[in-house]
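The residues making up each chain are set out below.
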Amino acid sequence: MAENYQMLEELGSGSFGIVYKALEKSTGQYVAIKHIDLEGSDDDIREIQQEISLLATCSSSYVTAYRTSFVRGTKLWIVMEYLGGGSCLDLLKPGAMDERYIAIILKELLQGLDYLHSTGKIHRDIKAANILLSQTGQVKIADFGVAAQLTNIKSQRLTFVGTPFWMAPEVIQEAGYDYHADIWSLGITAMEMALGEPPRSDVHPMKVLFLIPKEKPPRLEGSRFSKEFKDFVAQCLNKNPEGRPSAKILLKHAFIRRAGKTDLLQDLVQRTKAYEQNGRAHERDSRYYEETLREMSSADEEDEWVFDTIKPATKFGTIAKHTVKRRKLERIPSGDGSDMENATSAMEGMTLDAAPLGDITNSTTSTPTREISTIKTPKPRISSSVRKVSAITARKVSVSSPTARRVSRKVSGNNATSRKVSGAPAQSSAQKQPLGLDMSFGNGTSTVRQFKRVSSSHTPSSPKHHNQPSTSPQDSVFDSDAENKPPPAPQQQAQPAAQPNTKEAMVGRRAYDKALDPAFQEAHAATADRTKREALAGVAESWAHLNAVDPEGELALLRAMMDRIQSDPKLASALLPQRVANAQLASLRMNSPTKKGSIRVHESEVSSSRDVTPTSSPSKAAKTPSSSPLKDKYGASPGKLVLNPQNPHLKKMRSSQALNAEREKEKLDEKMPGRPSEPGMEHVGMLGEVLYGRWTEGLKARWPIN
Amino acid sequence: MAFLFGRRQRSASELIRSTKDLLQRLIKEDGQVPKTEEELARTLSITKTTLQGSPDVDAQPEQVYQLVSTILAESLLPLLVTNIHRLPFEARKDTQTIISNVFRFRNPGSTHTEPDALKEVLRTQPGIVVSLCNGYERRESAGACGGILKEALKWDAVAAVILYDEPLPDGKTIDIYNDVDASSQSSGNGVFWKFFDWIDKSSFEVSADAFDCFRLILTKHKSLVSNYINTNFDMFFDKYNSMLVKSDSYVTKRQSIKLLGEMLLDRQFYEVMTRYVDSGDNLKLIMWQLKDERRMVQYEAFHVFKIFAANPNKSYEVQKFLIMNKQRLLKFLPKFLEDRTEDDQFNDEKAWLVKAIGNLPDSTSAIQSPTGARPANGSAGVQQQGSTAQVRS
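Residues numbered from 1 in each chain as written. Chains lettered and ligands numbered in written order. Predicted model: local features only at pLDDT ≥ 70, side-chain atom pairs only at ≥ 80, totals over all residues. Heavy atoms only, no water.

Per an unreviewed UniProt entry, chain B carries the name Hym1p and comes from Saxophila tyrrhenica.

By the naming in an unreviewed UniProt entry, chain A is non-specific serine/threonine protein kinase, taken from Saxophila tyrrhenica. Check the Subcellular location (unreviewed entry) section of the UniProt entry for chain A; it says "Cytoplasm". (UniProt positions renumbered as here; feature names shortened; annotations may be inferred.)

Participant: Summarise the overall build of chain B; cite the residues concerned and give the values.
Facilitator: Helices and strands together make up the secondary structure of chain B, namely 22 helices and zero strands. In chain B, buried positions account for 57% of the 393 residues. Taking as baseline every contact in chain B between residues at least 6 positions apart, the subset at least 24 positions apart corresponds to 70%. Summed over all atoms, the accessible surface of chain B reaches about 16700 Å², with 48% contributed by carbon and sulfur. (Helix = DSSP H or I, 4+ residues; strand = E, 2+ residues; numbered from the N terminus. Buried < 20%, exposed > 50% of the residue type's maximum accessible area, 1.4 Å probe, protein only. Contact = heavy atoms within 4.5 Å. Areas by Shrake-Rupley, 256 points an atom, 1.4 Å probe, with all protein chains shown as cover.)

Participant: Before we move on, can you summarise the environment of T262(A) with the specific residues and values?
Facilitator: Position of T262(A) relative to the elements: it lies in the loop between α9 (254-257) and α10 (265-279). When residues no more than four places from it in sequence are discounted, the contact partners of T262(A) are I104(A), E108(A), T136(A) and G137(A).

Participant: An account of the pairing of strand β3 (residues 29-37) of chain A is needed here, citing residue identities and associated values.
Facilitator: All names here are of chain A. The buried fraction of β3 is high, at seven of nine residues. Hairpin geometry of strand β2 (residues 17-24) and β3 is characterised by an intervening segment of four residues between the two adjacent antiparallel strands and by a positive phi of about 75° at G28. Note that β3 and strand β5 (residues 75-81) share seven bridges and pair antiparallel. For K34, the partnering residue across the bridge sits in β5 and is I78. (Pairing = 2+ DSSP bridges.)

Participant: Please give an account of the packing of aromatic side chains that cites residues and values.
Facilitator: Taken as a whole and assessed by the stated rule, the structure comprises 35 aromatic pairs over all chains. Centroid distance F192(B) to F196(B): 6.1 Å. Interplanar angle 80°. Geometry classified as edge-to-face. Residue F192(B) and its partner F196(B) are located together in helix α11 (residues 191-201), separated by four residues, close to a single helical turn. Neither residue differs from the other here; F192(B) and F196(B) are each classed as buried. Between F236(B) and Y240(B), the ring centres sit 5.6 Å apart and the planes meet at 40°, which makes this aromatic pair tilted. A residue pair is termed a helical-turn pair when its members lie 3 or 4 positions apart in one helix, as F236(B) and Y240(B) do in helix α14 (residues 233-245) at four residues. Here F236(B) matches Y240(B) in class, with each residue buried. A cation sits over an aromatic face here: K21(A) above Y30(A), 4.3 Å from the ring centre. We note R340(B) situated over the ring of F346(B); from NZ or CZ to the ring centre the distance is 5.7 Å. (Phe/Tyr/Trp six-rings, centres within 6.5 Å; stacked < 30°, edge-to-face > 60°. Lys NZ or Arg CZ within 6 Å of the ring centre and 35° of its normal.)

Participant: Residue-level account of unusual backbone geometry, with values.
Facilitator: Phi is mostly negative for residues that are not glycine, and the peptide bonds are mostly trans. Phi is positive for D143(A), close to 60°, though the residue is something other than glycine. With respect to the helices and strands, D143(A) occurs in the loop between β9 (139-141) and β10 (148-149). The exposure class assigned to D143(A) is buried, which follows from its relative accessible area of 15%. Phi at L337(B) takes a positive value of approximately 45°, unusual for a residue other than glycine. Within the element layout of this structure, L337(B) appears in the loop between α20 (326-332) and α21 (344-358).

Participant: Hey, could you go over helix α13 (residues 222-231) of chain B for me, with residue numbers and the actual values?
Facilitator: Three or more residues of α13(B) are buried, namely V225(B), S226(B), Y228(B), I229(B), N230(B) and T231(B). Considering only its buried residues, α13(B) is in contact with α10 (156-163), α11, α12 (204-220), α14, α15 (250-264) and α16 (270-277) of chain B.

Participant: Give me the lowdown on the pairing of β2(A), citing residues and values where you can.
Facilitator: All names here are of chain A. Among the eight residues in β2, seven count as buried, and that is most of the element. Judged from the seven bridges that link them, β2 and β3 form a sheet pairing that is antiparallel. Residue pairing for β3: V19 is matched across the bridge by K34.

Participant: If you had to explain the environment of L186(A) to someone new, which residues and values would you point to?
Facilitator: All names here are of chain A. Structurally, L186 can be placed in helix α5 (residues 180-195). Along the sequence, L186 and L109 sit 77 residues apart, while their C-alpha atoms lie 8.3 Å from each other. Ignoring sequence-local partners within four residues, the contact set of L186 consists of L106, L109, L110, L113, I126, F232, C236 and L250.

Participant: Describe the packing of helix α8 (residues 127-134) of chain B against α11(B), listing the residues and the values that go with them.
Facilitator: Residues and elements named next belong to chain B. As a packed pair, α8 and α11 sit with axes 10 Å apart at the nearest point and diverge in direction by 10°. With respect to α11, the axis of α8 lies roughly parallel. Packed against α8, whose contacting residues are V130, C133 and N134, the element α11 presents V191, K194, F195 and W198 at the interface. The residue makeup of the contact of α8 with α11, split by class, is five nonpolar, one polar and one charged. (Axes fitted to C-alpha atoms, helices over the stretch in contact; angles between N-to-C directions. Parallel < 35°, antiparallel > 145°, perpendicular 65-115°, else oblique. Nonpolar A, V, L, I, M, F, W, Y, C, P; charged D, E, K, R; others polar.)

Participant: So what about the UniProt feature "binding site: ATP" (unreviewed entry) in chain A? Which residues, and what values?
Facilitator: All names here are of chain A. When the UniProt feature table is mapped onto this chain numbering, "binding site: ATP" (unreviewed entry) sits at K34. Among the structural elements, K34 can be located in strand β3. Looking at K34, its side chain comes within polar contact range of the side chain of E51, at 3.0 Å. (Polar contact = N/O pair within 3.5 Å; in protein donor to acceptor, adjacent residues only side chain to side chain.)

Participant: Give a description of the nonpolar core that names residues and reports values.
Facilitator: Formed by 204 residues in total, the largest nonpolar core has its most connected members in L106(A), I162(B), F192(B) and F214(B). Looking at this core, the element that brings in the most residues is helix α3 (residues 99-118) of chain A, giving 11 residues. Apart from residues lying up to four places away in sequence, F192(B) is in contact with I162(B), L163(B), F214(B), I217(B), L218(B), Y228(B) and F236(B). Within the second largest apolar cluster, 11 residues are counted, among which are A2(A), Y20(A), V31(A) and F70(A). (Core = buried A, V, L, I, M, F, W, Y, C linked by side-chain atoms within 4.5 Å.)

Participant: Please set out the confidence of the model for chain B residue by residue, giving values where relevant.
Facilitator: Detail in the predicted coordinates should be disregarded across regions flagged by low pLDDT. Residues and elements named next belong to chain B. Considering every residue of chain B, the mean pLDDT works out to 87; 91% of them sit at 70 or more. Ranking the helices and strands of chain B by mean pLDDT puts α14 first, with 96, and helix α22 (residues 375-392) last, with 40. Counting interchain partners and residues more than four positions distant, the pLDDT-below-50 stretch residues 5-9 has six contacts. Predicted confidence is poor over residues 372-393, with pLDDT under 50, and the contacts of this stretch with residues over four places away or in other chains come to 26 contacts. (pLDDT = per-residue confidence, 0-100.)

Participant: How would you sum up the pattern of salt bridges? Please name residues and give values.
Facilitator: A complete count under the given rule lists 33 salt bridges over all chains for this structure. The salt bridge involving D212(B) is made with R46(A); its shortest N-O contact spans 3.9 Å. One end of the pair, D212(B), is in helix α12; the other, R46(A), is in helix α1 (residues 45-56), on a second chain. Exposure remark for R46(A): the relative accessible area of 32% places this residue in the partly exposed category. K93(A) is the salt-bridge partner of E276(A), the closest N and O atoms lying 3.1 Å from each other. (Salt bridge = Lys/Arg side-chain N within 4 Å of Asp/Glu carboxyl O.)

Participant: Quick rundown of helix α6 (residues 89-104) of chain B? Include the residues and the values.
Facilitator: Residues and elements named next belong to chain B. Across its 16 residues, α6 extends 23 Å between first and last C-alpha, which sits within 8% of the 22 Å expected from 1.5 Å per residue. By the criterion of burial, α6 is predominantly enclosed, with 12 of the 16 residues buried. Every buried residue belonging to α6 is among A91, R92, K93, D94, T95, T97, I98, I99, S100, N101, V102 and F103, and all of these are buried. (Expected span 1.5 Å × (residues − 1).)

Structural data, given as structure tokens:
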């Protein structure tokens, strides 16, 4: 669903989330999307759900319309209608509003409140910042972060939520309140719009919490305000909630009745636009969607991060020794917790620079604005920042309120970081899951292939698989590309799951598991035509049956096929361009013994050919011939050896051939020669060495590009 | 307003009948005629206002009584519930209010546990509860039906209808007051089991609402539910693990592990807990979750994992897995969610866990397999170990 939205600049931060402007591709309309990182808090997701369900049950032109919501990774996206006029707080930036505009806004606001109250909802956080305007001057109530749905129209609420300066006395006293609380906040908001700030904004917000219930309610004073306006405010700011008129009744108030049309509000929007363009255009710019772009790029890196941290090879080294059943568990806490940790901290380090950005956005528009503004408010900057803080602290008091989230987010220094980090793994989780589950190794060809493809030049390192139990897996050279090894091979080897008791049977099974079955699956997946698919499925099924019943026969059949193909030059060149040697190997392997000396030849060959590939490490090549135990290992796993030298060659091929076909072959290549490396087949290895040496020489002649 | 009240006093039955007619017409027209929708929305709105009053006018008990009895007598509710998705936006919410108000209705002086009207519904039309659950099939009806259910789940009889629902050949719903045998296993075809699918397969909004309801079913009436889970233990945890804990959805995964932890730590679920923590497979699954990349998943998993480790009578399998991973756990745990520095309880528990695991034997040969000669001694040894760990911490 996220793909349907083209993210644009940031609009600000609402209750526990950052709001972006975005383009809804399917409709071509602008929308506002709130991103809430669910990893960012311990709180129950239920509370956020409440905001959504509350929004979702609102359908009024006086309330910001909710469109949809979904989770992407660990982020909840709430898609809402976009209102281009900004909030009433934004509109106050150039200065306090004229009374006639206030009347219009209040009228619209009252209609919104009337709707909400009639459907049993209390907004609980009415203030200029939560009133949005469209370009055309429509007024809508926004931010339902702390709103409440009453199950019963007569029931009351006790929760202490809201923003102190706007809070009604009965809410502060926690004596139970209902929708009348919104009317008080409306009165304060009216004063806010008239004066530029809510009353008592110079007082510390915690102190305000004492003053509101104790002192006389604020009043709008001065000759610049009409009698009607003053009366309206006075009616709203009645300390006795029952004495406050309902929204419906207030709509009939003289001040409201004389209100003009909403079109007039466009003046306000224009005024603010002009003001912003004059003073602080560049500041707006700083909050464009940069951050998200960064998120996206980091998401890519995160894929790799998962790759790295899983470190399959190191794990498999240890695992290989164990039985299947244990292996499953072994991997969980294997030392890689630290790798994961390291990577996580690395990630944090990487994204730390995002934190200041996040902070800017969190402290939102008010602070910088007021700082520059030329209004005559006595201490605009201080008071506004205090207001911000105050809102935070007061909310913190209400532990159960979802706004507490808002607090923890802003206060905790690492919030931006954690947001980043969390977003990441979610994306890659799809990747990790199959890796994590052992089951997928046996048949998860794609995973294997992925490893292969990342750096095929590393394939030569596969012999060390076999070494790993004996040599130190911590060896840095080996470790560095450890994750690029095809993990399943040694596992399969270590625990022959089948019961076959002859070598041939085991090889047959292996051929099926490693080569045929995945090949069938892949072919099946790649075939679109139904009849063709069915035909393929039929063959696959029969072959599976053969494998179950007679793995030896299966091997014999395979061999016969290979032999025939190889003995026909045309077939061989079509099917096994670089596999000819392997096939020869397969057929010769059984017959002639070899001398040790020839192994040397092959080894030097390997290193020389490897040196050509840029990614290969010379130390590896150096190491191979130098360590004598390794030589034995080579002998023990001829299959892998045969496989190795193909890679430099394959590299060349890749440039000249279609990549898809290439991949297929590459995969098959691994599998075919992989067969003989069964326990008990070691004697074949030496022969493999010789043939390999000859073969690479032949290759050099054929592809001199190298 | 007043004239409406006056008119309705005479014709509660008229109002309900016309609502019913309009509903049937709506179904037939399949939402093609806006006028029907409008009229229906209006009658529902009147019904709602009569039942709950308005911010300015209180509801009249006499009228409410009349209306509720008529609604029940006319069997309006089943029709309303099954067609709630066809109603216009506001009418759906009105319907939710109407049904919730009917379910709340009590005769003055009534001594029943459940409100009278709800009791009547559960006796004669328990299918309504099942239909309400089925509201999760659609995005349009999920919110309203879920809202009604969640409120009604205050009463254990409602939870019982959901839990013991079995599709009967005649299409009726089981009578929980007479037909239920709590000791026989569920077929898995009842409406309760559909919650797993709704949570797993629905869009975020529906899934989250369904999960909320699911949580209420499981946690509101614990003795009822723990008995039910014990009877259907394998099927329940099979689904719970595979569809919720292993869910691809971050929200479902995190919430379900959290709920699992809450349930297992509840005294009333003691028996369920002991069976759960006996299973090596469950331990494995939870240990995997400790390794999830998402911190809150790790965190919730921790609170389940600690129960395995704290269990003084660990099964052989669980001991084996813990011992096999002893060193890894000892390396992993100290760094686990390291930056939760302000969470004292978590850090205490983590420290305890490290000790407890450190006190496990180093090799599985030290413990007795259940098939071994002295299984009783084996577990006693571990028990001791567990308790020493506790003392030391």
